[in-house]
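# A closer look at the structure
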Amino acid sequence: MTSTAVHSADAYHDLPRLMGLMSGDEKHGPAATSTLDALWVLYDRVLRVSPESMDDPERDRFLLSKGHGPMAYYAVLATKGFFSESLLPGFGSYDSPLGHHPDRLLVPGAEISSGSLGHGLPLAVGTALGLRAQGRTGPAVWVLIGDAELDEGSNHEAIAYAGAVGLERLHTLVIDNASATHGWPGGIASRFAAEGWSTATVDGRDHQALHEAYTAPHPGRPHVVVARVEPKS
Amino acid sequence: MDTMRERFTSTVSRLLDEDPRLAVVLAEIGVANFAEAQRAHPDRVINVGIREQLLVGVGGGLALTGMRPIVHTFASFLVERPFEQLKLDFGHQGTGGVLVSAAGSYDWPAGGFTHMSPGDVALLNTLDGWTVHVPGHPDEAETLLRHAAAADDDAVYVRLSAHGNTAPRDVTPGRFLTVREGRGGVVIAVGPMLDNVLAAVAGLDVTVLYATTVRPFDERSLRAAVQAGTGSADVVLVEPYLAGTSITAVNDALPDLPHRVLGLGIGRRELRRYGGIEEHLAGQGLDPASLRERISGFLSR
C-alpha cells in the first residue's frame, strides 16, 4: 500500500467523526450514509477537482442533485480541503454556509444549489452541452440522484434526451437505497439502458467495484452507475 | 414586414455568428426557423424535444458553464409550466439567461386557453432581478433582443407578440418613451397596446408613456410625467397581459404622491371564445372604443 493510499484510508475512516460534528452523533443510520462511499470514491479517486481548480473551466463537475441529507457530502468536501471542518458544527444554523440543502453561492466546492428534487440531471445535461459547445471535451460531468428522486419526471426528460444525442461526458450516479415507494420494476439501470446509456450496477459500499464502474469506458454514450446500498427502511 | 418572431430568428441567427457565448435552446417550437443556424452552429442550437422542464434546466446548465442561453417557446410552456425551473435553475443558482416567449395572452385565439399565458409577467414579478421587455414592433423587438443578448448574465424576459403597432418607436431599453403630453392624467401603454391607446385618448388632455421595458419599472419617467400634470395624479396602465400586473410598480414609484391607478389588461376569467386577435381585444375591453370609455370614465370620477 502506498503512502497516499494509507492517507486516503485514514481520511475515509475519519468521515464518521466529521459527520458527527454536524449531527452530534457519530453513529449514523444507513439513510444518512447512503451516499458516503460512492461520494468518497468519486472525490478521492476519479474527479479531477480540487479547491484550487474551482475556477478552472477544465475541472470536472460534480452536481449533487439529491441535496437532502448533505452531511456525507459536506464531510467529503471538508476532508478534501474545500472548507474547514470548523464549519461543520454550525450545520443548519443562521450564520452557517452549510444548510440542510446546499447553496452553491455559500458552499465552497458546490457546483449547484439543490434541495428540490429533479433539477440536477437537467442542469448536468446543460452543463455537458455548454462545455461541448466551448470545445471543452476534457471535463467529465457527474450528477448524483437518489432512487426516489427518479420519480420526478424531469429526470426522464433528461435521460431520454441525453441518450438520444449520445452525451458522452455525462455521468449519472444513482444511489439506490430502495426508497422509491413504487419501485422500479425491471431495475433502475434498465430505464437508462432503454435510452441508450451505458450502465453499471454495483454494491454501493464496495470501493473497488465503484471505482471500476466509474471508470468504465463508454464511447459515444452517457454512463450511469447505480450504487445499491442498504434499504432505507 | 416580418413578424416579431421572424425578426427574433433572423437577429439571433446573426448574433450566433458574432458571439460564441450565445446558445439557443428550443423545445420543438421554433426549430424549423432555426434550421440554417443549427447547421452553422450544431452545438449552439439545441432542440431538447417537447420537454419544457429540460428546456429550462439545460438553459441553466449552459449558464453554469459561462454561456448565455436564449431559451424560446410559447409563454405558457416557457414560464407557467416550468416555473420552478426558472426560480431554481437560474435565480437560485445565481445565473441568468434570456427567455424569449411567443403567443402571449391572445396571439392565437383559435388555439384556446391552453396556449394563452396572461399571467407570465405577474409570475416573473414574484422573482428577483428579472428584466421584462415587451416590444410593440419587430424593430423594437430587435433592439431589445440585441440588448438582452449583450446584458452580461442578467435574467431577461422578452415577450414577443403577433399583435403590434403600425409604426416602430425609437425605444431605449429600460426607459419609457413620452409619446404625447397632457395635463389631466398619465396613461402607460405597454408594447402592442400603444396604437389602441392613442386612438382611445384622441382629444383627451393626457400624457401617454410608451413602455417596452416594464421591469425594472421606469419610476423616474412616471414621476416626471405625473408631476407635470395638474390636480390629482391619475395613472392608467394598459398592459397586454394580466390586468393590474404593474399596479404595485406604479404605487412604488409614487410613495409620497397621492394618486389613483386604474389597471387595464387581460381578465382572469376565460373568455372561452376562439376567433381572432381583434375580437379578443374587444372581448377584453382593450379595443379603442372600450379603452376610451374606461379611461375617460376613470379620469372623470
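Residues numbered from 1 in each chain as written. Chains lettered and ligands numbered in written order. Predicted model: local features only at pLDDT ≥ 70, side-chain atom pairs only at ≥ 80, totals over all residues.

Moving on to the overall build of chain A. In terms of regular secondary structure, chain A is built from 7 helices and 5 strands. Mapped from its N terminus to its C terminus, chain A presents α and β elements in the order α-α-β-α-α-β-α-β-α-β-α-β. Computed over the C-alpha atoms, the radius of gyration of chain A is 17 Å, within 12% of the 17 Å expected from 2.2 N^0.38 for a compact globule of 233 residues. By residue count, 46% of the 233 residues in chain A fall in the buried class. Taking all contacts inside chain A whose residues are at least 6 apart in sequence as the whole, residues at least 24 apart take part in 76%. (Helix = DSSP H or I, 4+ residues; strand = E, 2+ residues; numbered from the N terminus. Rg over C-alpha atoms; globule rule 2.2 N^0.38 Å. Buried ≥ 20, exposed ≤ 12 C-beta atoms within 10 Å, placed from the backbone. Contact = placed C-beta atoms within 7 Å.)

Regarding its fold elements, chain B presents 12 helices and 12 strands. In terms of C-alpha radius of gyration, chain B reaches 19 Å, essentially the compact-globule figure of 19 Å for 301 residues. Across its three principal directions, the C-alpha atoms of chain B cover 60 × 40 × 35 Å. Relative to its 301 residues, chain B shows a buried fraction of 53%. In chain B, once contacts between residues fewer than 6 apart in sequence are set aside, the share between residues at least 24 apart is 72%.

Bringing the packing of helix α2 (residues 36–46) of chain A against helix α7 (residues 207–214) of chain A into the picture now. Residues and elements named next belong to chain A. Interhelical geometry of α2 versus α7 gives an angle of 60 degrees and a closest axis separation of 10 Å. It follows from the interaxial angle that α2 and α7 lie oblique. In terms of crossing hand, the pair formed by α2 and α7 is right-handed. From α2, Asp 37, Ala 38, Val 41, Leu 42, Arg 45 and Val 46 reach across to α7, where they touch His 207, Leu 210, His 211 and Tyr 214. Looking at the contact of α2 with α7 residue by residue, the class counts come to 6 nonpolar, 2 polar and 2 charged. (Axes fitted to C-alpha atoms, helices over the stretch in contact; angles between N-to-C directions. Parallel < 35°, antiparallel > 145°, perpendicular 65-115°, else oblique. Left-handed = near helix turned anticlockwise from the far one by under 90°. Nonpolar A, V, L, I, M, F, W, Y, C, P; charged D, E, K, R; others polar.)

Looking now at the environment of A:Ala128. Residues and elements named next belong to chain A. Tracing the chain through its elements places Ala 128 in helix α4 (residues 120–133). Through-space distance from the C-alpha of Ala 128 to that of Trp 142 is 9.3 Å; in sequence the pair is 14 residues apart. If near-sequence neighbours (up to four positions away) are discounted, Ala 128 is found in contact with Val 141, Leu 167, Arg 169 and Leu 170.

Turning to α7(A), a few remarks are in order. All names here are of chain A. Those residues of α7 that fall on the buried side of the exposure criterion are Leu 210, Ala 213 and Tyr 214. Down the axis of α7, the buried side of the element spans an arc of 100 degrees, and every buried residue falls inside it. If you follow the buried residues of α7, they end up packed against α2, β4 (198–203) and β5 (223–228). (Arc of directions from axis to C-beta.)

This part takes up the nonpolar core. Formed by 156 residues in total, the largest nonpolar core has its most connected members in A:Val125, B:Val24, B:Val187, B:Ile188, B:Ala189, B:Val197 and B:Val238. Residues from two domains meet in this core; each of domain 1 (4–159) and domain 2 (176–300) of chain B gives at least three. (Core = buried A, V, L, I, M, F, W, Y, C linked by C-beta atoms within 7 Å. Domains from an automatic or database assignment.)

Residues and elements named next belong to chain B. One open sheet accounts for 5 strands, arranged β7-β9-β8-β11-β12; its pairing is mixed. In this open sheet, the two strands that pair with only one neighbour each are β7 (176–180) and β12 (259–266). Within this sheet the neighbouring strands show an average axis-to-axis angle of 25 degrees, counted without direction. When β7 meets strand β9 (residues 207–211), the two strands line up antiparallel, connected through 4 bridges. Across the sheet, residue Thr 178 finds its bridge partner in β9, namely Leu 209. Seen against the sheet, helix α9 (residues 219–227) touches β7, β8 (186–190), β9, β11 (233–242) and β12 and runs at an angle of roughly 175 degrees to β9. Relative to β11, helix α12 (residues 288–300) is tilted by about 150 degrees, and along the sheet it contacts β8, β11 and β12. (Pairing = 2+ DSSP bridges.)

Attention now goes to the sheet that holds strand β2 (residues 141–146) of chain A. Residues and elements named next belong to chain A. In spatial order, the strands read β1-β2-β3-β5-β4; together these 5 strands make up an open sheet with parallel pairing. A strand with exactly one partner marks an edge of an open sheet, and here the two such strands are β1 (61–64) and β4. Each adjacent strand pair in this sheet contributes to an overall mean axis angle of 20 degrees, direction not counted. Here β2 runs beside strand β3 (residues 170–176); their pairing, made up of 6 bridges, is parallel. Looking at the pairing, Gly 146 lines up with Ile 175 of β3.

Residues and elements named next belong to chain A. Here Ser 93 lies in the loop between α3 (71–79) and α4. Exposure remark for Ser 93: the 9 C-beta atoms within 10 Å place this residue in the exposed category. With 33 residues separating them in the primary sequence, Ser 93 and Gly 126 have C-alpha atoms 32 Å apart.

Chain A puts 22 residues into the contact, and the matching count from chain B is 24 residues. Of all the elements in the fold, those that place two or more residues in the side of chain A that touches chain B are α4 and α5 (153–164) of chain A. If you tally residues by element for the side of chain A that touches chain B, the top one is α4(A), at 11 residues.

Our next topic: the pairing of strand β1 (residues 22–26) of chain B. Residues and elements named next belong to chain B. Counting buried positions over the 5 residues of β1 gives 5, a clear majority of the element. Judged by which residues are buried, β1 turns out to be covered on both faces: Leu 22, Val 24 and Leu 26 on one side and Ala 23 and Val 25 on the other are all buried. Pairing of β1 with strand β3 (residues 68–74) involves 5 bridges; the strand directions are parallel. Bridge assignment links Val 24 to a residue of β3, and that residue is Ile 70. Where β1 and strand β2 (residues 45–47) come together, 3 bridges link them in parallel fashion.

This next bit is on the domain arrangement of chain B. Many authors give the size of an interface as the accessible area that is lost as the parts come together. Residue and element names in this part refer to chain B. Taken as a whole, chain B is organised into domain 1 (4–159) and domain 2 (176–300). Domain 1 and domain 2 are separated by 27 Å when their C-alpha centres are compared. Across the contact, 23 residues belong to domain 1 and 23 residues belong to domain 2. If you list the elements that add at least two residues to the side of domain 1 that touches domain 2, you get α6 (120–124), β5 (130–133) and α7 (138–149). In terms of residues, the side of domain 1 that touches domain 2 owes the most to one element, β5, which gives 4 residues.

A few words now on α9(B). Residue and element names in this part refer to chain B. If you check which residues of α9 are buried, you get Leu 222, Ala 225 and Val 226. Seen from one end, α9 has its buried residues packed into an arc of 100 degrees, which puts them on one side. Residues of α9 that are exposed and angled more than 90 degrees away from the buried face: Arg 220 and Gln 227. Residues of α9 that are buried make contact with β7, β8, β9, β11, α10 (247–253) and β12.

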